[in-house]
Amino acid sequence: MKKTLKLIAIMLVALCLLAGCGKSNDDSNNGTLEADYHLETTERPSDLAEGSSLAEILLAQFMENKDKSLEEIATALNSNEALVFAHDTYEVEGNWFAGFKEELSGYQSARAIVPMIGTIPFNMYVFETDDTAALMNTLNSLVDMRWNICTEADQMLMKAAGNYVFVVMAPWSTN
């Protein structure tokens, strides 16, 4: 059973990589909510409408605020009512990010919005970078949806807008 799940996960990652390689990084579709990278580790619940998952709600809010400063974007995301668990935002110092297998580089600054309780499968980051395509490829290749032995995020969405890269790994909902 574990081998089957690993094979399915590898096929999903490969599919995401293949689908992502064909996308350009132009900002001509800034108004859309289509993620540049999208990964699901579990099947979407049948009663969860498109656009209503926690990650999709937060992606929509990022897109509404994409023209603001990094700090303003993080503050807006941090105040989203969909985040019903205790959480906080902070400027990231260093290169280690929960949800990724290795240290990250290729960005000037980053803000994190994370839960206060480590067992909640949620991480959200906004990176400021001069090369969104390169950073997104790095992030996509290093993503680890099971960064904590006790938890695994259901959905990961990543989107570039201007000099920002938004990444969220989340459960389908917090209800």
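In this report, we go over the structure that sits alongside the text. Note that the coordinates shown come from a computational prediction; the quantities given were computed from them, not determined experimentally. (Residues numbered from 1 in each chain as written. Predicted model: local features only at pLDDT ≥ 70, side-chain atom pairs only at ≥ 80, totals over all residues. Heavy atoms only, no water.)

**Some thoughts on the side chain of asparagine 123**
Spelled out, the test is: Secondary structure counts use DSSP, requiring at least four H or I residues in a row for a helix and at least two E residues in a row for a strand, with both numbered from the N terminus. Three exposure classes are used, based on accessible area relative to the maximum for each residue type with a 1.4 Å probe and protein chains only: buried under 20%, partly exposed in between, and exposed over 50%. Identification of polar contacts relies on pairs of N or O atoms within 3.5 Å, with a donor-acceptor requirement for protein atoms, meaning one able to donate a hydrogen and the other able to accept it, and with residues adjacent in sequence counted only if both atoms are side-chain atoms. Contacts between residues were defined by any pair of non-hydrogen atoms, one from each residue, lying within 4.5 Å.
Inspection of the secondary structure puts asparagine 123 in strand β4 (residues 123–128). In this structure asparagine 123 comes out as buried when scored by relative accessible area, which is 4%. In terms of polar contacts, asparagine 123 uses its side chain to reach the backbone carbonyl oxygen of alanine 98, at 3.4 Å. In contact with asparagine 123, not counting residues within four places along its chain, are Ala98, Gly99, Ile113, Val114, Trp147, Val167, Val168 and Met169.

**Looking at the packing of aromatic side chains**
Applied cut-off: Working definition: a ring pair exists when centres of Phe, Tyr or Trp rings (six-membered ring for Trp) sit within 6.5 Å. Plane angles under 30 degrees give stacked, over 60 give edge-to-face, the rest tilted.
Scanning the model with the defined rule gives 8 aromatic pairs in all. With centroids separated by 5.1 Å and ring planes inclined at 50 degrees, the aromatic side chains of phenylalanine 97 and phenylalanine 127 adopt a geometry described as tilted. Taken together, the positions of phenylalanine 97 in the loop between β2 (87–91) and β3 (109–115) and phenylalanine 127 in strand β4 put the pair 30 residues apart, joining distant regions of the chain. Note on phenylalanine 97: relative accessible area 1%, which makes it buried.

**With respect to a negative patch on the surface**
What counts is decided by this rule: The residues that make up patches have over 30% relative accessible area and no salt bridge, and they are joined within 9 Å when like-charged or within 5 Å when they are Val, Leu, Ile, Met, Phe, Trp or Tyr. Values of accessible area rely on a 1.4 Å probe in the Shrake-Rupley scheme; residue burial ignores everything except the protein chains shown. By salt bridge we mean one thing: a side-chain nitrogen of Lys or Arg within 4 Å of a carboxyl oxygen of Asp or Glu. Charge counting follows a simple rule: Lys and Arg are positive, Asp and Glu are negative, and His as well as the terminal groups are ignored. Note on charges: their place is set at NZ of Lys, CZ of Arg, CG of Asp or CD of Glu.
A grouping of Glu71, Glu72, Glu91 and Glu93 is seen on the molecular surface, where their side chains present a negatively charged patch. With respect to the helices, strands and loops of the structure, glutamate 91 is situated in strand β2.

**Description of the pattern of salt bridges**
Enumeration according to the criterion identifies 5 salt bridges in this entry. A salt bridge links arginine 146 to glutamate 152, with the nearest nitrogen and oxygen atoms 3.0 Å apart. Bridged by salt links that share partners, the residues Arg44, Glu50 and Glu56 form one connected network.

**Quick notes on helix α2 (residues 54–65)**
Three- or four-residue spacings in an α-helix give side chains the same orientation, since the helix completes a turn every 3.6 residues. Applicable threshold: Every helix has an expected span of 1.5 Å times one less than the residues it contains.
Between its terminal C-alpha atoms α2 stretches 17 Å, which fits the 16 Å expected from 12 residues at 1.5 Å a residue. Those residues of α2 lying buried are Leu54, Ala55, Glu56, Leu58, Leu59, Ala60, Gln61, Phe62, Met63 and Asn65. Of the surrounding secondary structure, the elements contacted by the buried residues of α2 are α3 (70–78), β4, β5 (155–161) and β6 (164–170).

**Thoughts on the packing of α2 against α3**
Note the cut-off: Each axis is a line fitted through C-alpha atoms, and for a helix only the stretch in contact is used; angles between axes span 0 to 180 degrees, taken between their N-to-C directions. Crossings are sorted by hand: turned counterclockwise from the far helix by less than a right angle, the near helix makes the crossing left-handed, and turned clockwise it makes it right-handed. Note that Gly is not counted as nonpolar here; it falls among the polar residues with everything else outside the nonpolar set of Ala, Val, Leu, Ile, Met, Phe, Trp, Tyr, Cys and Pro and the charged set of Asp, Glu, Lys and Arg.
Running from amino to carboxyl end, α2 crosses α3 at an angle of 145 degrees, the nearest separation of the two axes being 10 Å. In this structure, the crossing between α2 and α3 has a hand that is right-handed. Across from Leu58, Gln61, Phe62 and Asn65 in α2, the residues of α3 making contact are Ile73, Ala76 and Leu77. Tallied by class, the residues present in the contact of α2 with α3 amount to 5 nonpolar, 2 polar and no charged.

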